[in-house]
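If you want the building blocks of each chain, they are given just below.
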There are 4 protein chains.
Amino acid sequence: MVFVLKQGAPEDKIAAFVKKIEAAGCSTFLSTGTEHTVVCLIGHTAKIDVDFFVQTNDIVEYGRRITEPYKAVNRMVHPDDTHVRAGDVIVGEGYFQVIAGPCAVESEEQIIGVAQSIKESGVSMLRGGAFKPRTSPYAFQGLQEEGLGFLLAAGRAAGLPVVTEVMNQTQLPLFEDVDVIQIGARNMQNFDLLREVGRCRKPVVLKRGFSSTIEEFLMSAEYIVSEGNPNVILCERGIRTFETMTRNTLDLSAVPLLKQKSHLPVIVDPSHAAGLRSLVPALSKAAVAVGADGLMIETHNDPQSALSDGAQALDLDQLRSLCADLLRRAVFEGKKCNFRS
Amino acid sequence: MVFVLKQGAPEDKIAAFVKKIEAAGCSTFLSTGTEHTVVCLIGHTAKIDVDFFVQTNDIVEYGRRITEPYKAVNRMVHPDDTHVRAGDVIVGEGYFQVIAGPCAVESEEQIIGVAQSIKESGVSMLRGGAFKPRTSPYAFQGLQEEGLGFLLAAGRAAGLPVVTEVMNQTQLPLFEDVDVIQIGARNMQNFDLLREVGRCRKPVVLKRGFSSTIEEFLMSAEYIVSEGNPNVILCERGIRTFETMTRNTLDLSAVPLLKQKSHLPVIVDPSHAAGLRSLVPALSKAAVAVGADGLMIETHNDPQSALSDGAQALDLDQLRSLCADLLRRAVFEGKKCNFRS
Amino acid sequence: MVFVLKQGAPEDKIAAFVKKIEAAGCSTFLSTGTEHTVVCLIGHTAKIDVDFFVQTNDIVEYGRRITEPYKAVNRMVHPDDTHVRAGDVIVGEGYFQVIAGPCAVESEEQIIGVAQSIKESGVSMLRGGAFKPRTSPYAFQGLQEEGLGFLLAAGRAAGLPVVTEVMNQTQLPLFEDVDVIQIGARNMQNFDLLREVGRCRKPVVLKRGFSSTIEEFLMSAEYIVSEGNPNVILCERGIRTFETMTRNTLDLSAVPLLKQKSHLPVIVDPSHAAGLRSLVPALSKAAVAVGADGLMIETHNDPQSALSDGAQALDLDQLRSLCADLLRRAVFEGKKCNFRS
Amino acid sequence: MVFVLKQGAPEDKIAAFVKKIEAAGCSTFLSTGTEHTVVCLIGHTAKIDVDFFVQTNDIVEYGRRITEPYKAVNRMVHPDDTHVRAGDVIVGEGYFQVIAGPCAVESEEQIIGVAQSIKESGVSMLRGGAFKPRTSPYAFQGLQEEGLGFLLAAGRAAGLPVVTEVMNQTQLPLFEDVDVIQIGARNMQNFDLLREVGRCRKPVVLKRGFSSTIEEFLMSAEYIVSEGNPNVILCERGIRTFETMTRNTLDLSAVPLLKQKSHLPVIVDPSHAAGLRSLVPALSKAAVAVGADGLMIETHNDPQSALSDGAQALDLDQLRSLCADLLRRAVFEGKKCNFRS
C-alpha cells in the first residue's frame, strides 16, 4: 500500500502522518521523487482503511493497494520514469548513454588509452573491472586496489564517470571515488551487499542474475531502494538457457517489461549476453529500438590478448563505428544523447 | 564437402561430375542458386581429395570441406542471401515484410474483414490457422477444411498470399492453393513432415521449436532443402526458459546468428514469444533493428473474444499504427518494402 | 466434471444418462475402469448442477468438478492405479518391468541375439527402433520396414512383447503386430498422431517431450485416452536444461508427481536422459526407489560400433548385472516382477 | 598437473620439491590426504616435463596432467572418497547421514523441541537458519545472532552438531561454535566468501547454485579447498528449469557425476528442490539409491505456521517415519549409519 502525498507537503505533517500509520501496525519508508513524496507501507496492511486515511489527512493526494511484492520500485508508486545522475551524465529521462571499457583493467597505460579513445567515440561512462569474479580460483582476478586506482585516474583524465564492480560489502570504503557501483549478476541476490549499497546514495548498476526472473530482479532493486538509495539502473545481460552457441540468451523482452512494471532506467549489456563479438552490433541496435536507456559494451584496446573475455570485446575502431551508428539510432528514437558525432 | 560449379556449367557435364563423385562412394545433392550450382557431398567424404577433383574437372570453380552438419543451408555453400518468393511478395533480398492475421480463422466474414484491413495497413501476407495444434483435446481445434477455404477466399479477395499451418503430411493435398506452408514449433522435428514438405517446392515458414537449439533448427531446414525445396523462411518465435512473465523468451540473437550460419531469410514472431500484446510493438521494432527480414504478428478483429491466443493479438487499429512505425524503421534500415504508408 | 457410476450400471441407463447431459449442452466421453464407469463432461459445465444430476439419476454414485484440464487421466476420476497389459506382461499393478534393447535394429542377427540375451537377464519387453527420428537427414534413419520385421521376429523367438516407435500416423498399418507403440519425445505434441493412436486400443509408451511440462505431458496422454484408448504408459526421459555434462536432466520428481495427478503407470528411461552409460545404473536404482513401474534401458550387443546412441547403451553383460540388482531392489520395494534371478 | 608423493615423504624433501617446481614457473598447493600428499601445480604447466620430475625426485610416486579446471577436488588427485567429520558425525566413508531441522529458527523453545525430536528419529545433525536470504526485503529475515544462539543451545542439548548458513564473510566470527557452515545456493559463486571459508578449517556444506553447472559447482568447491580447507560436503538442491509444478528440478544425476569427477562427499536436499512436502519421501529414497552420502530435510514442529518455506517442511512425525524407512534403505545399500531404529 502507498500513499502519494500532495506536492509541497510540509515535513512535520509528513512525520505526523507516518507516525499514525506506524501506530496502526505497519512499518513505512519514504520514496521522495522530484514532485511527490510517497509513503510505502510494509507489513499487515490488510487492516488499513485506505479511504479513511486519505480523507482524514489533508496532505495525502491518494492511496492505493499494491499487490506486487515490490513497492518502492513499482511504477504504480512513481508513474513517471526516474533517472539516475552520475557526474554530469544522466541515465534515463530521455537520454541514451553508452558505457564502455574493458572487462578488466590490465595496466594504467591500457585503461588511460581506452578511456581517451572511447570518449572520442561518444561514450559517456568508462567501465572496467578491478575486482573480477572468476569461476576459477586460478584465473586472473583483476589488479584489485591498484586497478581501481588506474581506472579512477583514467576516468578523471578523460572526463568520464567510472563504473566498476564491487564484490562484497567490505570493499565499499575503497569505492568512495567511484561514480557508479556495479553489482554483478552473481551478486544480484547477495542481499547483505544490496542492503549496504542501499545505505549509500551512490548510483548503482544492478545486473540481472543469469537465472533470475524479472520479479526477482525487481525485488533485488527493492532491497537497495527501500534502504534509501533510489539511484538504481537495471541492466539486462542475458539469461541462462539450453542454447549453446551464445554464452547466454539476451532477453530483450525484459526491457519493455521492466519499464512497464518499474520506473527505473534500464540498460543492456549485449557483450556478456552473447559472448561473441560478432553479435554485439546487431544486439546493440535492437536494444536501442526496444527502448533501453543505454548500453554497456565491452571494449578492449587489443581483444586478442585480453586477460579475460576477449572473445566478446570490440576493439576501439569497432566501437567507434558502432557508436556512430547508435547515435543515429538514438536520434531516430527521439532520444537525447551526449554522443559527439 | 561442397563443390561450387562455374556459372553456366552445362547439365551434361554436371551429371558426369556427379557420377564421378558417387563412384567415389559419396551421395550428393544439388543446390541451384541464381548464379551458381553447388554440389553437396554427403557420407564418407574423408576419402575425397578436394584439390584433385577441382583440378580435373573444369566446370568446378572451387571445393571446400564443411564441418557443420548442415550443408545445403550453410552460408559457406551459398555466400549470398537467398530469398523466397510467395506470389509477388519477396522475403529476403533487402525486403522487409509483415505477415499478419488471426491465430485461428473463426468465420468467413471475420477473415475477409481482417484481410482487407491489414492489407490497407501495409501487410503483405495473410496468416490464419485452419488446423490448430492445441495442448488440450477439448480446446477449439480450428475450422479445419472449411477454415482453409475461408482463408484462401479472404487472401484472394484482398490480393494477399496466405500462410497457414499444416499439422501432418496427410493434409498436404489440401494445401495446393496455399501460398506458404507453415510448420509449427511443435512440428519442427517431425522429420517425416519435413521431408514431405521438402518434396514440394512451395515456400515454407519453419518455426523454431521452443526448445530447439539454433543448430537443430538449421538441421530441420536442411531436411527440407536437401529434399529439393530451397524455399525455406526461418522464423524465430521464442524459446522456453524459466521466466514466467512472458509465454516464451524471444531470442533475438538467433537472427544475426542464423544469418551468419545460413543464407536463408529469417523472420520473427513476437506475438507467440511474448504472449502479451503490450510487448509486441517494442519487440517488433527490435526485430527490425536486429536484421530480420520480416515479422509475423498475430492480429484479430476483436481480441477480447478471440477463440485462441487473444491475449497476444493486436487489434486492427493497433496493427495499423504499428505497421506505419515499422515502415519508417524499415526505410531507416535501408530495406525495401511493400508497405503503403 | 465427472460422474462416477455405480458398479453394474446397465448400458441402457448409461446411454440415457449421457443423453440428458448432452441435452444440457456438454459433450461427454466414457472412461471404463475395472469396477466403475466414469462419465467425463467436456465443455460448458458451469451450467450443470452436480447435486441435481446425482439425486435424479440412480445409477450415479457421485459427481465432482475437476479443475485440472486433464480429465480422463486424472486420478480424481480413477482413484486406483491403472495398469497396461502387453501380451502377458503387466505394467503397473505392483509389477516392475524392464524394457531393453538397442536404439536401432541393425540386422536380424543382432536383434535376435540381443533379445535372447536380455530375456535371460530378466527383461520382460524388447525395444528397438526401426524408424529413427534423427536430427540430421544424413544420419542413419533405421532399417525401416525391414527392421520392423526383424524386431518382430526377434521378439517372437525370445517370447518377448516388442515396443517400437511410430513416427507418423501413416505408418500405423505397419504396426499391427507390434505389441506396444512408442511415441517419441519429439512427437509428444504431434496431436494428430496422438488422436490416431487413441483410436486403436494398442498399449502406448508416451515419452515426455524434452521441454514439456508435467501438465502438457498429461494433456498429451489425455488426447489418447479421450479417443478411447486407456492403455497409456507414461515415460519420463529427461528434460532440456542448461547442464551440458549430461544429454538431458532426468526429472525423477516427475514420477511421484505424475502418480499423484494421474492413475497411469509411469516408467523411466535413464539412457536417453543421461546420454552416458556410466550413469545408467545409479539412475535406474533411483527410479526403482522413487516409485517407477519400470525402466526402459538402451542395450546393445556392441555399443562401440552401434549405429546410433552408442555412448549411452549398456552392453549385454552390464545389463545382466544391472537387472540382477534391480530385481533385488524391486523385491525390496514390495514389487512383483517377471524377472528371473 | 599433480604429483602424488610416496607415503611418508618427509616434510623437508616435500618443501625442496615444491621449491623446484616453483622455480620452474608454476605455483603449487598441497592436498594432504590420509595416505598421500599431492602437490597440485597451477599456471604454465605446459613447460613442465612430468617424467623428468618423477625420475629425478624419489619422493614422487607418479605425476599426471589434469585437463579439468578443478584440481584439488578432482578424483584423479585423490582416487579414494574423502569424508568430512563434524563432531562425532562422519559424512562420507560409507556413512549415510540425515540432517534435519527448520528453515528458520523461530524461538528457543521451538528449536530445542525440534532438536530433541529429530535426534530420537535418528537424525545426526541439526540444521536451522539464523540469517535467512530472502527474495523480499520485507520477508522475515531470521532471528539473526539471537537465533544462532538458540540453535547452538538446541544442538548442545540434544547432542547434535549444527549446520547453519552464513550470508557473508563479515559474519564468520559469529560462527566460531557452529559445527558446519552452510553456503547457500545464491552464494555459490560469492567467491570472496568461498575464499574466507577456505581459510578456516571448519566443515562446509556447499549448495549448488540453482543455475550452476556441475563444473561451476566443482570450481566453487575448488575455491574453498585450494585455500586449505578440504572439509567440503557438496549438496545438490535442485536446478531451475521451465517446469512450474515443482520449485526446482532435483538433478539426481548430479550425484553419480559428482562422485565420478570428485572425491568429495555429496548430499541431497529434496525439500528445497521440490518445494512440496508430498514429494520429499520419494525423492529421499531415490537419493539413497542413487548413491548420496546423506540428506538434508526441512522439518518443522508446525509446518502450517512456519515463518518461511512451510509448504516443503515435514512435520516431526512425518520425519520420524521417513527416517525409519531411510535407515532400512541405507542398510540395504550397505551403508553404515548413526541412526537409531
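Parameters at a glance
Residues numbered from 1 in each chain as written. Chains lettered and ligands numbered in written order. Predicted model: local features only at pLDDT ≥ 70, side-chain atom pairs only at ≥ 80, totals over all residues. Heavy atoms only, no water. Helix = DSSP H or I, 4+ residues; strand = E, 2+ residues; numbered from the N terminus. Buried < 20%, exposed > 50% of the residue type's maximum accessible area, 1.4 Å probe, protein only. Contact = heavy atoms within 4.5 Å. Buried area = accessible area lost by both parts, 1.4 Å probe. Salt bridge = Lys/Arg side-chain N within 4 Å of Asp/Glu carboxyl O. Polar contact = N/O pair within 3.5 Å; in protein donor to acceptor, adjacent residues only side chain to side chain. Phe/Tyr/Trp six-rings, centres within 6.5 Å; stacked < 30°, edge-to-face > 60°. Pairing = 2+ DSSP bridges. Axes fitted to C-alpha atoms, helices over the stretch in contact; angles between N-to-C directions. Least-squares fit on C-alpha atoms with pLDDT ≥ 70 in both. Domains from an automatic or database assignment. Nonpolar A, V, L, I, M, F, W, Y, C, P; charged D, E, K, R; others polar. pLDDT = per-residue confidence, 0-100. Expected span 1.5 Å × (residues − 1).

With that settled, the discussion passes to the side chain of D192(D). Position of D192(D) among the secondary structure elements: in helix α5 (residues 191-199). In this structure D192(D) comes out as buried when scored by relative accessible area, which is 13%. Ignoring any residue separated from it by four or fewer positions in sequence, one finds D192(D) in contact with M167(A), N168(A), Q171(A) and Q169(D).

Despite not being glycine, E93(B) shows a phi value in the positive range, around 55 degrees. Along the polypeptide, E93(B) turns up in the loop between β6 (89-91) and β7 (95-101). Given a relative accessible area of 40%, E93(B) falls into the partly exposed group. Positive phi outside glycine occurs at Q144(D), with the angle close to 60 degrees.

With that settled, the discussion passes to the interface of chain A and chain B. Size of an interface: often given as the accessible area lost when the parts come together. Across the boundary between the two partners, chain A contributes 37 residues, which contact 37 residues of chain B. Summed over both partners, the interface of chain A with chain B comes to about 3000 Å²; 70% of that surface belongs to carbon and sulfur atoms. Taken as a group, F242(A), M245(A) and F332(A) account for 23% of the area that chain A buries against chain B, more than any other trio of residues on that side. Taken together, the links from chain A to chain B amount to four salt bridges. The partner of R329(B) in a salt bridge is E333(A), with the nearest N and O atoms 2.6 Å apart. Linking chain A with chain B are eight residue pairs in polar contact (both at pLDDT 80 or more).

The full count for this structure, using the stated rule, is 30 aromatic pairs over all chains. When the centroid spacing of 6.1 Å and the interplanar angle of 15 degrees are considered together, the rings of Y138(B) and F29(C) count as stacked. Residue Y138(B) is located in the loop between β8 (125-127) and α4 (144-158), and its partner F29(C) is located in strand β2 (residues 26-32); the two belong to separate chains. Between F17(D) and F53(D), the ring centres sit 6.3 Å apart and the planes meet at 70 degrees, which makes this aromatic pair edge-to-face. A residue pair is termed long-range when its members are at least 10 positions apart, and F17(D) in helix α1 (residues 11-23) and F53(D) in helix α2 (residues 50-55) qualify at 36 residues. Residue class for F17(D) comes out buried when judged on its relative accessible area of 1%. Through pairs of rings, three or more aromatic residues link up here, namely F3(A), F17(A), F52(A) and F53(A).

Looking now at helix α9 (residues 280-290) of chain B. All names here are of chain B. In terms of residue burial, α9 counts as a mostly covered element, since nine of its 11 residues are buried. Within α9, burial applies to V280, A282, L283, S284, A286, A287, V288, A289 and V290. Positioned one or two residues after α9, G291 has a phi angle of 110 degrees, which is positive.

Take the sheet that holds strand β3 (residues 37-43) of chain A next. Residues and elements named next belong to chain A. Pairing is antiparallel across the open sheet formed by four strands, whose spatial order is β2-β3-β1-β4. Each having just a single partner strand, β2 (26-32) and β4 (60-64) make up the two edges of the open sheet. Strand-to-strand, the axes of this sheet are offset by a mean angle of 20 degrees, without reference to chain direction. Examined bridge by bridge, strand β1 (residues 2-5) and β4 share four bridges and lie antiparallel to one another. Its bridge partner lying in β4, V2 is registered against R64. Across the sheet, helix α1 (residues 11-23) is in contact with β1, β2, β3 and β4; its angle to β2 comes to roughly 150 degrees.

All right, on to the relation of the copies chain A and chain B then. Mapping between the two chain copies consists of a rotation about an axis together with a translation along that axis. Between chain A and chain B, the superposition needs a rotation of 180 degrees and an axial shift of 0.0 Å, giving an RMSD of 0.0 Å. Expressed as an axis order, the relation between the two copies is that of a two-fold axis. In terms of C-alpha distance to the rotation axis, chain A has A286(A) as its closest residue, with the C-alpha 2.1 Å off the axis. With an isologous cut-off of 70% or more, the 100% of interface residues of chain A that recur at the interface of chain B puts this contact in the isologous class.

What follows concerns the relation of the copies chain A and chain C. For the pair chain A and chain C, the best superposition has an RMSD of 0.1 Å and corresponds to a rotation of 180 degrees with a translation of 0.0 Å parallel to the axis. Of all interface residues in chain A, 100% are interface residues in chain C too; the two copies therefore contact each other through one and the same surface.

With that out of the way, let us pick up the domain arrangement of chain A. Split into domains, chain A comes out as domain 1 (2-64) and domain 2 (84-337). A separation of 36 Å is found between the C-alpha centroids of domain 1 of chain A and domain 2 of chain A.

Opposite the four residues of chain A that make contact, chain C presents four residues. Interface area, chain A with chain C, both sides summed: about 270 Å², of which 81% is carbon and sulfur. At the boundary of chain A with chain C, the tally comes to zero salt bridges. One can count zero residue pairs in polar contact (both at pLDDT 80 or more) joining chain A with chain C. Taken together, the residues of the side of chain A that touches chain C sort by class into one nonpolar, two polar and one charged.

Before going further, it helps to spend a moment on the environment of C200(A). Residues and elements named next belong to chain A. The residue C200 is located in the loop between α5 (191-199) and β11 (204-207) in this model. Expressed as a C-alpha distance, the spacing of C200 and I21, which sit 179 residues apart in the sequence, is 26 Å. Ignoring anything within four residues of it in the chain, the contact list for C200 reads I181 and N229.

Before going further, it helps to examine the pairing of strand β1 (residues 2-5) of chain C. Residues and elements named next belong to chain C. Along β1, one buried face is formed by V2 and V4 and the opposite face, lined by F3 and L5, is buried too. Summarising the sheet, β1 and strand β3 (residues 37-43) pair through three bridges and their orientation is antiparallel. Bridge assignment links V4 to a residue of β3, and that residue is V38.

What follows is about the confidence of the model for chain A. Residues with a pLDDT of 70 or more make up 98% of chain A, whose mean pLDDT is 93. Under the prediction, the complex receives an ipTM of 0.93, its pTM being 0.94.

Before going further, it helps to examine helix α4 (residues 144-158) of chain C. Residues and elements named next belong to chain C. Taking 1.5 Å per residue, 15 residues should reach 21 Å; α4 reaches 21 Å between its end C-alpha atoms and fits that length. All of the buried residues along α4 are G147, L148, F150, L151, L152, A154, G155 and A158. Where α4 is buried, its residues meet α3 (108-121), β8 (125-127) and β9 (162-165). Remark: G159 follows α4 within two positions and exhibits a positive phi of approximately 75 degrees.

Moving on, we come to the sheet that holds strand β2 (residues 26-32) of chain D. Residues and elements named next belong to chain D. Taken together, four strands build an open sheet; the order of strands is β2-β3-β1-β4 and the sheet is antiparallel. With one partner strand each, in any of the chains shown, β2 and β4 (60-64) form the two edges of the open sheet. Averaged over all pairs of adjacent strands, the angle between strand axes in this sheet comes to 20 degrees, irrespective of strand direction. Lying on the sheet, α1 is in contact with β1 (2-5), β2, β3 (37-43) and β4; it crosses β2 at an angle near 150 degrees.

This part is about the environment of E61(B). Note that E61(B) resides in strand β4 (residues 60-64). Not counting the four nearest positions on each side in its chain, E61(B) is found in contact with V4(B), L5(B), K6(B), H36(B) and V54(B).

Inspection of every chain in the model, using the stated rule, returns 72 salt bridges over all chains. Put simply, R195(C) and D192(C) hold a salt bridge, and the shortest N to O gap is 3.7 Å. Taken as a pair, R195(C) and D192(C) lie in helix α5 (residues 191-199) at a separation of three residues, close to a single helical turn. Residue R195(C) shares its accessibility class with D192(C), and that shared class is buried. Shared partners join several salt bridges into a network, and the residues in it are K285(A), D325(A), R328(A), R329(A) and E333(B).

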